[in-house]
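What follows is the residue order along each chain.
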Amino acid sequence: CGRGPGGCRGGRTDMALRCAASLAAGRQPRGPRREGTARWSSAAKASAVKINEKASREKILTLESMNPQVKAVEYAVRGPIVLKAGEIEKELRKGIKKPFTEVIKANIGDAHAMGQRPITFLRQVVALCTYPNLLDSPSFPEDAKKRARRILQGCGGNSLGSYTASQGINCIREDVASYIERRDGGVPADPDNIYLTTGASDGISAILKILISGGGKSRTGVMIPIPQYPLYSAAISELDAIQVNYYLDEENCWALNVNELRRALNEAKAYCNPKVLCIINPGNPTGQVQNRKCIEDVIHFAWEEKLFLLADEVYQDNVYSEGCQFHSFKKILYEMGPEYYNNVELASFHSTSKGYMGECGYRGGYMEVINLHPEIKGQLVKLLSVRLCPPVSGQAAMDIVVNPPVPGEESYAQFIKEKESVLNNLAKKAKLTEDMFNKIPGVHCNPLQGAMYAFPRIFIPSKAIEEAKAHKMAPDMFYCMKLLEETGICVVPGSGFGQREGTYHFRMTILPPVEKLKILLEKVKDFHIKFLEKYA
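Right, let's walk through the structure included here. Keep in mind that this is a model prediction, so the values were computed, not measured.

Here we look at helix α18 (residues 475–487)
For an α-helix, 3.6 residues make a turn, and residues three or four places apart therefore share a direction. Between its terminal C-alpha atoms α18 stretches 18 Å, which fits the 18 Å expected from 13 residues at 1.5 Å a residue. Most of α18 sits inside the fold, with eleven of its 13 residues counted as buried. Taken from the residues just after α18, glycine 488 is the one with a positive phi, measuring 80°.

Right under this line is the structure:
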């Protein structure tokens, strides 16, 4: 300003603020007293009052003022019990003694966190895409380099760091369409109906977002299985839609019964407009694999009642039981004839996170949406464009899932060996878990036909139920919290997924290595027996 520090107006302002802060803290401003000190002190005190007023001003965003739909969201897989597990881990690191030395997080299907090794070929291609200088390295096979070059050619500036089209890289969508055609025995797939997504969750949320409308009794109802994966109930709450529960038949290996669908639909019509039917096949958390007849019945029901079908098929590679086979809804729909295939609106979802890949962190996925109204297709692309594009490394990972090495390529032998090793190991662990749970008094576990979880039913004595109520907990939350505190095993209570009144369950992943899984199951057995003895 051309003046010295004492003569600048800014200097006076700074001095006033320093004095005001000193007074606010209960201190007198320093420096010699001068004429006009009384007047200056009054001004400083006034400023201090204003500062204090600002410091104590109420927050704009509070639990009362926040979006009520967000507050209603619950996601049990990362809920209170997982937060408690995190606290226990911190205590263990500080040297606080527990009856165990580690927390085993069996709450989530995170394969690599549980020790599963990545598929070499997938990582090679993503590495080449991420650092193209490696394309000159003799350490990488030519079939991996070929795929990496093709992916990079589809990227702006030949770089994985560029934005892509909102629907995803075109050549990857072409590979997804080719994969679907091979999987479904020649049923045609159009790349224009393929949307690459940030995991399957992103696609499911986007489709629900565009489907939900209306108010009062015309508000969209979304039919979901109980037990369900909590993404669905969370998305429904966030979007202020109406959740319509239909119950899977636990006594019949968690089968889906169309009579139960009809009951749920007819009851829901009294308070909402049911227009979406969600199916999880293979099931999460229940692990059932739907047979062809069941899928045909569901498709006919959706056609008859004019319901939009959502088929969550992320576990399509995870089928273990003899006599069980994965059938895609798209394939069965096509085989039911043009009356169905040309009319039933269907969105199907897949992901890099599950299967034999277990690449959760890449957040790769896709959805195929068929029979969408042309104008709605434009609206969907517009909605997806708001988030610009899915992670490009995740798109590359998804490409390797749908375009793996084939016989005759140099990486095929190693790829197929690694893939079969993972799936055979999971099948072994599924049977081990089922057998060991069914040897525990008061525990029953249906066959784990697919996916990567057990969902055993547990008997909880009435005395324990009363104690849970005293702690304001659901009985199975109380059980799971005790299990965590006494054994270090973190599982998710069945109440987080939904269950029939008066029944109790928990979900546990089967991903830990076999020897660790055996120890885990033995610990659960010992805990459950002691729990029954204590509360009997």
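Okay, back to it.
Regarding the sheet that holds strand β13 (residues 492–493)
Ordered by their spatial adjacency, three strands build an open sheet running β10-β14-β13, and the pairing between neighbours is antiparallel. Of all the strands in the sheet, just β10 (453–454) and β13 have a single pairing partner and so form its edges. Inspection of the sheet shows β10 paired to strand β14 (residues 506–509) by two bridges, in the antiparallel sense. From the neighbouring strand, tyrosine 453 faces β14, where its bridge partner is threonine 509.

As for the sheet that holds strand β2 (residues 194–198)
Read across the sheet, seven strands follow the order β2-β8-β7-β6-β5-β3-β4 without closing on themselves; strand pairing throughout is mixed. This sheet does not close on itself; its edge strands, each paired only once, are β2 and β4 (242–247). Neighbour-to-neighbour, the strand axes of this sheet turn through a mean angle of 25°, independent of strand direction. The sheet contact formed by strand β3 (residues 220–226) and β4 spans six bridges and is parallel. Of the residues in β4, the one forming a bridge with glycine 221 is isoleucine 242. Lying on the sheet, helix α7 (residues 170–183) is in contact with β2, β7 (346–351) and β8 (364–370); it crosses β2 at an angle near 110°.

Regarding the packing of α18 against helix α19 (residues 514–535)
Close contact between α18 and α19 brings their axes to 11 Å; oriented N to C, the two are set at 120°. Classified by the angle between their axes, α18 and α19 sit oblique to one another. Handedness of the α18/α19 crossing: right-handed. The segment α18 lies against α19, with Phe478, Tyr479, Lys482, Leu483, Glu486 and Thr487 engaging Lys523, Val524, Phe527, His528, Phe531 and Tyr535. Among the residues forming the contact of α18 with α19, the class breakdown is seven nonpolar, two polar and three charged.

Observations concerning the packing of aromatic side chains
The geometry of two aromatic rings is summed up by the distance between their centres and the angle between their planes. Scanning the model with the defined rule gives 14 aromatic pairs in all. On the numbers, 5.2 Å between centres and 80° between planes, the contact of tyrosine 479 with phenylalanine 527 is edge-to-face. A residue pair is termed long-range when its members are at least 10 positions apart, and tyrosine 479 in helix α18 and phenylalanine 527 in helix α19 qualify at 48 residues. Pair check on accessibility: tyrosine 479 and phenylalanine 527 agree, each one buried.

Here's the deal with helix α11 (residues 292–305)
Its 14 residues give α11 an end-to-end C-alpha distance of 20 Å, which sits within 8% of 20 Å, the value for a rise of 1.5 Å per residue. Turning to α11, its buried residues are Cys294, Ile295, Val298, Ile299, Phe301 and Ala302. Seen from one end, α11 has its buried residues packed into an arc of 160°, which puts them on one side. Between a side-chain oxygen at the N-terminus of α11 and the backbone nitrogen of lysine 293 the separation is 3.2 Å; the capping residue is asparagine 291.

Re unusual backbone geometry
A negative phi angle is the norm for most residues apart from glycine, just as the trans form is the norm for most peptide bonds. Cis geometry marks the peptide bond from asparagine 281 to proline 282; its omega dihedral reads -10°. Here proline 282 shows up in the loop between β5 (273–280) and α11. Residues asparagine 284 and proline 285 are joined by a peptide bond in cis, for which omega reads 20°. Position of proline 285 among the secondary structure elements: in the loop between β5 and α11. With a phi close to 65°, asparagine 371 is a non-glycine residue in the positive phi region.

About the thresholds
- Residues numbered from 1 in each chain as written.
- Predicted model: local features only at pLDDT ≥ 70, side-chain atom pairs only at ≥ 80, totals over all residues.
- Heavy atoms only, no water.
- Helix = DSSP H or I, 4+ residues; strand = E, 2+ residues; numbered from the N terminus.
- Expected span 1.5 Å × (residues − 1).
- Buried < 20%, exposed > 50% of the residue type's maximum accessible area, 1.4 Å probe, protein only.
- Pairing = 2+ DSSP bridges.
- Axes fitted to C-alpha atoms, helices over the stretch in contact; angles between N-to-C directions.
- Contact = heavy atoms within 4.5 Å.
- Parallel < 35°, antiparallel > 145°, perpendicular 65-115°, else oblique.
- Left-handed = near helix turned anticlockwise from the far one by under 90°.
- Nonpolar A, V, L, I, M, F, W, Y, C, P; charged D, E, K, R; others polar.
- Phe/Tyr/Trp six-rings, centres within 6.5 Å; stacked < 30°, edge-to-face > 60°.
- Arc of directions from axis to C-beta.
- Polar contact = N/O pair within 3.5 Å; in protein donor to acceptor, adjacent residues only side chain to side chain.

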